[in-house]
Amino acid sequence: MQHNLLDHSAIESNTDSRGLDHFGVRPVHSRFIPGTTARPQEVLVRTPRNLFLAPLLSVLTITLQGLEAQQIPSPEEHFGFVIGTDKELARWDGILEYFTLVADRSDRIQVDTAGPTTLGNPFVSITISSPANLARLDEIRDASKHIADGRITREEAERIAATTPATVFINHNIHSTEIGSSQTSIELVYRLASAEDEVTREILDNVVTVLVPSANPDGQILVTDWYKRNVGTDYERARMPWLYHHYAGHDDNRDFFQANLIETRYWMKMMYHTAYPQIYLDQHQMGRSGPRIFVPPYPDPMNPDIHPLQWQQLRFMGGGMVADLQAAGKQGVVTGSMYRIWGQEGALTGRYHNIVGILTETASARIASPDTVALEALERGAAPGRGLSEYGFQIAFVDPWRGGEWTLGDIVDYQMIAAGSVLEQTAKFSQHYIMGRWQMGSETITKAEMEGPRAYVISRDQIDPIAAAEMVDKLILQGVEVHESVEAFEAIAEQDLWASPNGGTLENDAAREDNEDEGDPDDEDEGDPDDE
């Protein structure tokens, strides 16, 4: 499903019924006409008797523009409730209906269907940018592909960076009980499709946003239906008693090295064969106790095989996100703690492709029901092993949330600000991030040419050649370049190639680990299933 969109020049209010602006902050009201940024203009009117200027008819012009803007209904108008309202959830079919409606009435939105999910629901992506950028989307993608490849000259990369918008890929709702981001997607699409403020215009002009509103639509439907079935009963807070992905459950986010699930394969095709983004944002939810949102940078240990520029760009972007959340009065932001990201085989594996990978983890409510959290529970949630020595002021946690009611609306607000911050920063520094991806790729290639390895050889002589062929297909899907030799060749095989970060070989490390105690609590993955 793809839409070539209708042109219109909508002007409408940039605030919703909660008084929040396009990214969740209450603005200072303009001294111009409410809901517009346009000044009255003179209108030339022809009559049978004469020509005259009619400044007062500018009121008619703005009124007509307002009527045109109403062609894009707000989420509240379409769904019958403000997104984030307690005990209200938009279901996947309704979300798709809304996105199709917006795409039909906005020249900033393109909706694409990758194919059916495991259970036959549409897996979609939303591409959002200015009409001019959408008109040359193939050109932008091709330029981004050359940047990602790294084998062009600096001069060519600089030309692309100066003439091409950056691309941001946003992934939402891969874990279905982390329902908030599927709702945030609705609000984000509406704001980018309808807002006329300067920041939104800058984002549309300088960024192509690719949004996956739910990376597991089947689970979004299952969780929404289970919640609606039980809301208002004694079982309102009961866990759904079956997996929210038909095969993998919560481990659908562990499939990004195997690509066994159809949803993972759609994601990889978009990331590594279509969009070629420079920035990747993955919005999750964590447990209900502890900080309200995690924002990068990640804590040590970090993987030294990742290009150091990526870690510095991540610190830069994360710092801006933290500042924007704080400026909006959002408490409980933790950064540089809790979530390690050494070798997690989740969707953040794009960092191995020189894509700046950003994870947020927002505290959960009771699906869509509000949750009252005591300070004592928050303190327990900051116990050692979760990254904070105590629940209180420290450089990683400068404004602790002291407890109270926490709602789905809070989750949407925090995630909207985080997404808005990423998009605004990318818009302002688009050339920096485009050149950054090119530089990381170019320098990595040069390093391999000097130090090796130049390639990995997969012999045709295999005990199980079909398995080898399947592995090659998965590598290609994940953006790895594979060539087929057409004649015999000789190569020098590297010894002790698989070296560990501490300088020893993996064989030596494995022998040493056999003699050490197991179960180091600091080696946990990302926490229990509610926390990722």
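This text gives an overview of the structure that appears in the document.

What counts, and where the lines are drawn
Residues numbered from 1 in each chain as written. Predicted model: local features only at pLDDT ≥ 70, side-chain atom pairs only at ≥ 80, totals over all residues. Heavy atoms only, no water. 1 Å grid on protein atoms, 1.4 Å probe; cavity = no way out; pocket = protein on both sides within 12 Å on 5 of 7 lines; lining within 4 Å. Points joined across faces, edges and corners; volume = space filled by probe spheres on them. Helix = DSSP H or I, 4+ residues; strand = E, 2+ residues; numbered from the N terminus. Nonpolar A, V, L, I, M, F, W, Y, C, P; charged D, E, K, R; others polar. Buried < 20%, exposed > 50% of the residue type's maximum accessible area, 1.4 Å probe, protein only. Pairing = 2+ DSSP bridges. Expected span 1.5 Å × (residues − 1). Bend = angle between axes of the 7 residues up to and from the residue. Axes fitted to C-alpha atoms, helices over the stretch in contact; angles between N-to-C directions. Contact = heavy atoms within 4.5 Å. Core = buried A, V, L, I, M, F, W, Y, C linked by side-chain atoms within 4.5 Å. Polar contact = N/O pair within 3.5 Å; in protein donor to acceptor, adjacent residues only side chain to side chain. Phe/Tyr/Trp six-rings, centres within 6.5 Å; stacked < 30°, edge-to-face > 60°. Lys NZ or Arg CZ within 6 Å of the ring centre and 35° of its normal.

### Here we look at empty space enclosed by the protein
Okay, so step 1: A full pass over the atoms with the stated rule returns four cavities of 30 Å³ or more.
Okay, so step 2: Top element by residues in the lining of the largest cavity is helix α10 (residues 262–275). It accounts for three residues.
Okay, so step 3: Looking at the lining of the largest cavity, its residues break down into six nonpolar, four polar and two charged.

### Some thoughts on the pairing of strand β5 (residues 166–172)
Look at any regular strand and the pattern is simple: side chains alternate between the two faces of the sheet.
Okay, so step 1: With seven of seven residues buried, β5 is to be regarded as a mostly interior element.
Okay, so step 2: On β5, burial covers both faces: Ala-166, Val-168, Ile-170 and His-172 on one face and Thr-167, Phe-169 and Asn-171 on the other are all buried.
Okay, so step 3: Relative to strand β6 (residues 207–212), β5 runs parallel, the two sharing six bridges. Bridged to Ile-170 within β6 is Leu-211.
Okay, so step 4: Pairing of β5 with strand β7 (residues 279–286) involves five bridges; the strand directions are parallel. Its bridge partner being in β7, Phe-169 is matched across the sheet by Tyr-280.

### Things to note about α10
Okay, so step 1: Relative to the 20 Å expected for 14 residues at 1.5 Å per residue, α10 spans 18 Å between its end C-alpha atoms, a close match to the ideal helical length.
Okay, so step 2: The largest bend along α10 reaches roughly 25 degrees and is located at Lys-269.
Okay, so step 3: Inspection of α10 places Glu-263, Thr-264, Tyr-266, Trp-267, Met-268, Met-270, Met-271, Tyr-272 and Ala-275 among the buried residues, and these make up the whole buried set.
Okay, so step 4: Of the residues flanking the end of α10, it is Tyr-276, one or two places downstream, whose phi is positive at about 50 degrees.

### Observations regarding the sheet that holds β6
Okay, so step 1: Pairing is mixed in the open sheet, where eight strands are placed in the order β3-β4-β6-β5-β7-β10-β8-β9. Every interior strand has two partners, whereas the edge strands, β3 (109–116) and β9 (333–335), have only one. Each strand axis lies, on average, 20 degrees off the axis of its neighbour in the sheet, ignoring direction.
Okay, so step 2: The pairing of strand β8 (residues 293–295) with β9 spans three bridges and is parallel. Along β9, the bridge assignment pairs Val-295 with Thr-335.
Okay, so step 3: Sheet contacts for helix α13 (residues 408–428): β5, β6, β7, β8 and β10 (356–363); angle to β7, the most-contacted strand, approximately 165 degrees.

### As for the nonpolar core
Okay, so step 1: Within the largest apolar cluster, 98 residues are counted, with the highest numbers of intra-cluster contacts made by Ile-109, Ile-126, Trp-267, Tyr-298 and Ile-358.
Okay, so step 2: It is α13 that contributes the most residues to this core, ten residues altogether.
Okay, so step 3: When neighbours within four sequence positions are excluded, Ile-126 is seen to be in contact with Phe-99, Ile-109, Gln-110, Val-111, Val-189, Thr-209, Val-210, Leu-211 and Pro-213.
Okay, so step 4: Core analysis: the next-biggest nonpolar cluster, separate from the first, contains ten residues, Ala-143, Ile-152, Ala-161 and Met-435 among them.

### Considering the side chain of Gln-283
Okay, so step 1: Among the structural elements, Gln-283 can be located in strand β7.
Okay, so step 2: Within the local environment of Gln-283, its side chain forms a polar contact with the backbone oxygen of Gln-415, the two atoms lying 3.2 Å apart.
Okay, so step 3: Setting aside its immediate chain neighbours within four residues, Gln-283 contacts Asn-171, His-172, Asn-173, Ser-181, Thr-360, Gln-415, Ala-418 and Ala-419.

### With respect to the environment of Leu-204
Okay, so step 1: Here Leu-204 is to be found in helix α8 (residues 198–206).
Okay, so step 2: Along the chain, Leu-204 and Ala-427 lie 223 residues apart, while their C-alpha atoms are 8.2 Å from each other.
Okay, so step 3: Contacts of Leu-204, omitting those with residues within four sequence positions, involve Arg-108, Ile-128, Ser-129, Ser-130, Asn-133 and Leu-192.

### Considerations on the packing of aromatic side chains
Okay, so step 1: Taken as a whole and judged by the stated rule, the model has 16 aromatic pairs.
Okay, so step 2: Measuring from ring centre to ring centre gives 5.4 Å for Trp-226 and Trp-242, while their planes differ by 80 degrees; the resulting arrangement is edge-to-face. Of this pair, Trp-226 sits in helix α9 (residues 217–230) while Trp-242 sits in the loop between α9 and α10; the two residues are 16 residues apart in sequence, bridging distant segments of the chain.
Okay, so step 3: Note on Trp-242: relative accessible area 42%, which makes it partly exposed.
Okay, so step 4: Through successive ring pairs, a cluster of aromatic residues spans Phe-169, Phe-256, Trp-267, Tyr-272 and Tyr-280.
Okay, so step 5: In this arrangement the basic side chain of Arg-292 is found over the ring face of Trp-406, its NZ or CZ atom lying 4.7 Å from the centre.

### Observations regarding helix α14 (residues 430–451)
Okay, so step 1: For α14, which comprises 22 residues, the first-to-last C-alpha distance of 31 Å matches the rise-based estimate of 32 Å (1.5 Å per residue) to within 8%.
Okay, so step 2: Among all positions in α14, only Ser-430, Tyr-433, Ile-434, Met-435, Gly-436, Arg-437, Trp-438, Met-440, Gly-441 and Ser-442 are buried.
Okay, so step 3: In the stretch just after α14, Gly-452 is the one whose phi turns positive, near 80 degrees.

### Topic: the side chain of Ser-364
Okay, so step 1: Relative to the assigned elements, Ser-364 resides in the loop between β10 and β11 (371–373).
Okay, so step 2: Here Gln-285 takes part through its side chain, which lies 3.0 Å from a polar atom of the side chain of Ser-364.
Okay, so step 3: Here Met-286 takes part through its backbone oxygen, which lies 2.6 Å from a polar atom of the side chain of Ser-364.

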